[in-house]
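Chains, contacts and geometry: an overview
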Amino acid sequence: MDEQAIATHTISVLVDNEAGVLARVIGLFSGRGYNIESLTVAEIDQTDHMSRITIVTNGTPQVIEQIKAQLGRLVPVHRVVDLTVECESVERELALVKVAGKGDARVEALRLSEAFRARVVDATPESFIFEITGNSEKIDAFIDLMTPLGLQEASRTGVAALSRGPEAM
Amino acid sequence: MEKQINGAQIVLQALRDNGVQHIFGYPGGAVLPIYDELFQQEDIEHILVRHEQGATHAAEGYARSSGKCGVVLVTSGPGATNAVTGLTDALMDSIPMVCITGQVPTHLIGADAFQEADTVGITRACTKHNYLVKDVNDLARVMHEAFYVATTGRPGPVVVDIPKDVQFAMGDYLKPTSVKHKSYQPKIKGEMEAINAAIDLIATAKKPIFYTGGGVINSGPQASQLLREFVKLTGYPITSTLMGLGSYPSADKQWLGMLGMHGTYEANLAMHDCDVMINIGARFDDRITGALDKFSPDSKKIHIDIDPSSINKNVMVDVPIVGDVAHVLEDMLRVYKSRAVTPDKKALASWWQEIDGWRGRDCLAYRKDDKAIKPQYAVQRLYELTKGPNTFITTEVGQHQMWAAQYYRFEDPNRWMTSGGLGTMGYGIPAAVGVQVAHPKGLVIDIAGEASAMMTMQELSTAVQHRLPIKIFILNNEYMGMVRQWQELLHGGRYSNSYSEALPDFVKLAEAYGATGIRAQTPGELDDAIKRMVKTDGPVIFDCVVTKEENCFPMIPSGAAHNDMLLADDQGLEVEVSDEGKALV
Ligand SMILES: Cc1ncc(C[n+]2csc(CCOP(=O)(O)OP(=O)(O)O)c2C)c(N)n1
Ligand SMILES: [Mg+2]
């Protein structure tokens, strides 16, 4: 493994869903100069009040190891797993993509959305909002294709991810 | 069901149940209910400081010299923001501390109320953990948890922010329990596999060195004991960081002195040339490693640390062991003995021969002066006239701090309190206050610089009020000496704003505070003056007038390697520092 190579990693963090926990995680990244490519967070266990934070970040192997150790040190953090190296994982992102246009562009946008299995969740005579899920590359590709066809704006959730197989982390 | 009590009473009860006897603090509107409770009890003694920064450093000195948790109590807003420097200091040096801050009542939070500050927001980055308690029924649990988090694992400061209405509210008190924390579970025992791998390396080493740090002190006196046994058993040389001084006796012949930027020639060269480095409770700080790419290039490295994030942070190691120093050393010793390891006598003899060669360089030698007091000489005389198991040294930050580390000698842990990681000028006087509270019979001396001492001088008033006979021994060179030294070496001798202009008369200043002032200006009068200081019952400011432009050597200039040291004889040489090096601090 190249010690200097920068790679993208998806890190899953189980935390107590208490006030300030997200600020701790984000503060750690900004304070120590780590990158955040995407971040998602929501409560996943109402009884025990646990949230899962999924962070896509990048760095050399040494930096990624530091990020994991630094996250693990936060008091409300239960578990930290690097889904990119420690297991096989499934990653999905959802995006809403607004495209406005008429005539051929509109028809082409609709045709492409079908090819990408996007759904129309809002429509007017001159616009669509598509809902698309997939890995981040697929969403990037879809948005790229929509750009010349009248892309107005997009909203992305960031990556949600789980390890494959029967076990929970 | 037990009778309900109010939040302030819960705080006091929780302090008692966590063994607290002393707290350092300063009152204000948002903590008045707690102060009212303090007034009506006698178990806990409150030491009133003169500035909240002083409370935090006093708590640090108290903690580091006693092994107990330091406790601070301050009001909201400015009380809390004034505590930030000491919290950061405690975080950097891994000092257990619980700091209780008052907060505006919950319904005013976010309203920019009078003396409101986002204390948990501000202190998030300078605490190990912090809490805002909005419900009185969480208060007891949070208080106990705060002590648990502050004192276990890698120790550190914890803030508990308590709105004033919560201090008045009635709630249930819960005793501390031994229930395991859900997510916070520091690892104490090292992995046996790693310990065995470490012993393999130690057993076959030809040029080994022990490199120890503050983690040994934090682990408790037992850790120092085990370290001594292990080092003796192997016959290997040992050095330590600034924070670790005292964990191994400096009188022993295996002791090489401190390492790092102002460490000894022999310690740094041995670190550079070793083949097996045994890092125990140190963190490869940049003051220690110098240029990372040139740091001990040919060694296999073992690293024992309780904090997994210290491993491979700055330096990649071969055998990481996550665990508490005392626990790991106990296991290591057992394995070492049971495997009947015998060090390579021949290799070791020639390694010691090499080291003795470096020792022969006598890197701490300096030119004596019989008219003016050299700062090094002052510390040497202070050491000779005050040494003993009941003497405690604190310092400020600067040249005097390095001279204290080099020329004062420590035989036991918990006798040396200094701001290492943050390098906080103004640490020493309040820290001495805290040490003296923990050790009322001890001889507590702050080896100070005149500039640093001015930063928290007001705590002398605390010492006078509480009859704490601390001695502030100022190496007065009329310069921010360490700044001046860097300006001499790196900025063409342009002493921009580093002269200590308009200094007070320290003897009169002491008297104004109701303390004793003593001045020494010549080597001839130094010994008697020090003896007078020791004999004085109350606090003393000792104005030790020293040569003004002395430099602190040895020195590894920024960006240089361990084997590239400047020694005293190099004084006056133009120092070549790369542009990269100049950019470093
Ligand atoms: C709070 C703070 N401000 C600034 C510095 C930067 N600094 C480091 S050493 C030093 C000079 C200290 O002067 P003095 O206390 O007289 O000690 P000397 O070096 O002369 O022994 C300064 C300004 C610091 N370490 N801490
Ligand atoms: Mg000075």
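Right, let's walk through the structure included here. (Residues numbered from 1 in each chain as written. Chains lettered and ligands numbered in written order. Predicted model: local features only at pLDDT ≥ 70, side-chain atom pairs only at ≥ 80, totals over all residues. Heavy atoms only, no water.)

What follows concerns the overall build of chain B. Helix and strand counts for chain B stand at 24 helices and 20 strands. Over its C-alpha trace chain B gives a radius of gyration of 24 Å, about what one expects of a compact globule, namely 25 Å for 585 residues. With respect to the three principal axes, the spread of C-alpha positions in chain B is 70 × 60 × 45 Å. In chain B, buried positions account for 61% of the 585 residues. When the accessible surface of chain B is split by element, carbon and sulfur atoms take 52% of a total near 22600 Å². If you average the places of the 54 positive and of the 70 negative side-chain charges in chain B, the two averages end up 5 Å apart. (Helix = DSSP H or I, 4+ residues; strand = E, 2+ residues; numbered from the N terminus. Rg over C-alpha atoms; globule rule 2.2 N^0.38 Å. Buried < 20%, exposed > 50% of the residue type's maximum accessible area, 1.4 Å probe, protein only. Areas by Shrake-Rupley, 256 points an atom, 1.4 Å probe, with all protein chains shown as cover. Lys, Arg positive; Asp, Glu negative; His and termini not counted. Charge placed at Lys NZ, Arg CZ, Asp CG, Glu CD.)

Each pair of donors in an ideal four-coordinate tetrahedral metal site encloses 109.5 degrees, whereas pairs in an ideal six-coordinate octahedral site enclose 90 or 180 degrees. Residues and elements named next belong to chain B. Of the protein atoms, only Glu 450 (OE), Glu 450 (OE), Asn 477 (OD1) and Tyr 479 (O) coordinate the magnesium ion (ligand 2), at distances of 2.1 to 2.7 Å. If you look at the magnesium ion (ligand 2), its six donor atoms make angles of 50 to 173 degrees with each other, and the shape they trace is irregular. If you list the donors of the magnesium ion (ligand 2) from N- to C-terminus, the spacing comes out as E-x26-N-x1-Y. Neither residue differs from the other here; Asn 477 and Tyr 479 are each classed as buried. (Donors = N, O, S within 2.8 Å, 3.2 Å for Na, K, Ca; no water. Tetrahedral: all angles 85-135°; square planar, octahedral: opposite > 155°, others 65-115°.)

A few words on the side chain of Ser224(B). Structurally, Ser224(B) can be placed in helix α11 (residues 221-234). Not counting the four nearest positions on each side in its chain, Ser224(B) is found in contact with Val216(B), Ser247(B) and Pro413(B). (Contact = heavy atoms within 4.5 Å.)

The next subject is the interface of chain B and chain A. If you look at the interface, chain B gives 19 residues, while chain A gives 16 residues. Summed over both sides, the interface of chain B with chain A buries roughly 1400 Å², with 48% coming from carbon and sulfur. At the boundary of chain B and chain A, one finds two salt bridges. Measuring nitrogen to oxygen at the nearest pair gives 3.5 Å for the salt bridge that ties Asp16(A) to Lys182(B). Between the two partners, chain B and chain A, sit nine residue pairs in polar contact (both at pLDDT 80 or more). Taken together, the residues of the side of chain B that touches chain A sort by class into six nonpolar, seven polar and six charged. (Buried area = accessible area lost by both parts, 1.4 Å probe. Salt bridge = Lys/Arg side-chain N within 4 Å of Asp/Glu carboxyl O. Polar contact = N/O pair within 3.5 Å; in protein donor to acceptor, adjacent residues only side chain to side chain. Nonpolar A, V, L, I, M, F, W, Y, C, P; charged D, E, K, R; others polar.)

Now for the environment of Leu490(B). Residues and elements named next belong to chain B. Within the secondary structure layout, Leu 490 lies in helix α21 (residues 481-490). With relative accessibility at 14%, the residue Leu 490 sits in the buried group. A sequence separation of 92 residues divides Leu 490 from Lys 582, and the C-alpha atoms of the two residues are 7.2 Å apart. Discounting chain neighbours no more than four positions away, the residues touching Leu 490 are Val 577 and Lys 582.

The next subject is the packing of aromatic side chains. Under the defined criterion, the tally for this structure stands at 19 aromatic pairs over all chains. Relative to Phe130(A), the ring of Phe128(A) has its centre 5.4 Å away and its plane inclined at 35 degrees; by these criteria the two rings are tilted. Assessed through its relative accessible area of 8%, Phe128(A) is described here as buried. Plain terms: the ring middles of Tyr408(B) and Phe410(B) are 5.3 Å apart, the flat faces sit at 35 degrees to each other, and that makes the pair tilted. Residues Tyr408(B) and Phe410(B) agree in their burial class; the two are buried. A cation over a ring is seen here: Arg106(A) above Phe128(A), with NZ or CZ 4.2 Å from the ring centre. Over the ring of Tyr479(B) we find Arg484(B); its NZ or CZ atom is 5.7 Å from the centre of that ring. (Phe/Tyr/Trp six-rings, centres within 6.5 Å; stacked < 30°, edge-to-face > 60°. Lys NZ or Arg CZ within 6 Å of the ring centre and 35° of its normal.)

All names here are of chain B. Examined against the element boundaries, Asn 268 turns out to sit in helix α12 (residues 265-273). For Asn 268, a relative accessible area of 0% corresponds to the buried category. When residues no more than four places from it in sequence are discounted, the contact partners of Asn 268 are Leu 259, Gly 260, Gly 263, Ile 556, His 562 and Met 565.

Before going further, it helps to spend a moment on the site of ligand 1. All names here are of chain B. In the region of ligand 1, 17 residues are neighbours, and Gln 399, Gly 423, Ser 452, Tyr 479 and Gly 481 sit closest. Residue Asn 477 places a side-chain N or O atom 3.0 Å away from an oxygen atom belonging to ligand 1. Backbone polar atom of Gly 481 to an oxygen atom of ligand 1: 2.7 Å apart, as the coordinates give it. Against a free-state accessible area of 580 Å², the protein chains account for coverage of 77% of ligand 1. Only α17 (399-407), α19 (450-455) and α21 provide two or more residues apiece to the shell around ligand 1. Residue classes in the shell around ligand 1 are distributed as eight nonpolar, eight polar and one charged. (Near = heavy atom within 4 Å.)

In this section: the sheet that holds strand β7 (residues 157-163) of chain B. All names here are of chain B. The parallel open sheet is built from six strands, whose spatial order is β3-β2-β4-β5-β7-β6. In this open sheet, the two edge strands, each paired with only one partner strand, are β3 (45-48) and β6 (129-132). Put simply, the sheet's adjacent strands are angled 20 degrees from each other on average, direction ignored. Taken together, the two bridges between strand β2 (residues 22-25) and strand β4 (residues 70-74) define a ladder with parallel strand orientation. Counted as the bridge partner of Gly 25 is Leu 73 from β4. Lying over the sheet, helix α7 (residues 136-151) contacts β4, β5 (97-103), β6 and β7, oriented at roughly 165 degrees with respect to β7. (Pairing = 2+ DSSP bridges. Axes fitted to C-alpha atoms, helices over the stretch in contact; angles between N-to-C directions.)

Bringing the pairing of strand β20 (residues 540-545) of chain B into the picture now. Taken residue by residue, a regular strand's side chains alternate between the two faces of the sheet. Counted residue by residue, β20(B) has five buried out of six residues, so it is predominantly covered. In this fold, the crossover linking strand β19 (residues 516-520) of chain B to β20(B) by way of helix α23 (residues 523-535) of chain B has right-handed handedness. (Right-handed = clockwise from strand over helix to strand, strands pointing away.)

Before going further, it helps to examine the nonpolar core. Residue and element names in this part refer to chain B. In terms of nonpolar packing, the biggest core is built from 107 residues, with Ile 321, Met 332, Phe 473 and Phe 542 touching the most fellow members. Every residue in contact with Ile 321, bar those within four places of it in the chain, is listed here: Gly 190, Ala 194, Ile 195, Ala 198, Ile 302, His 303, Ile 304, Asp 305, Ile 311, Val 328 and Met 332. Formed by 42 residues, the second largest nonpolar core is a distinct cluster that contains Val 49, Ala 55, Ala 58 and Val 435. (Core = buried A, V, L, I, M, F, W, Y, C linked by side-chain atoms within 4.5 Å.)

Right, let's talk about the pattern of salt bridges for a bit. Counted by the stated rule, this structure contains 31 salt bridges over all chains. One salt bridge in this structure joins Arg156(A) and Asp140(A), with 2.7 Å as the shortest N-O distance. Of this pair, Arg156(A) sits in strand β8 (residues 151-163) while Asp140(A) sits in helix α4 (residues 136-146), placing them 16 residues apart in sequence. For Arg156(A), a relative accessible area of 34% corresponds to the partly exposed category. A salt bridge links Lys175(B) to Asp17(B); its shortest N-O distance comes to 3.2 Å. Remark: Asp17(B) occurs in helix α1 (residues 7-17) and Lys175(B) occurs in the loop between β8 (170-171) and α9 (192-204); sequence separation between them is 158 residues. Each of the salt bridges in this network shares a partner with another, and the network as a whole consists of Arg73(A), Arg154(B) and Asp307(B).

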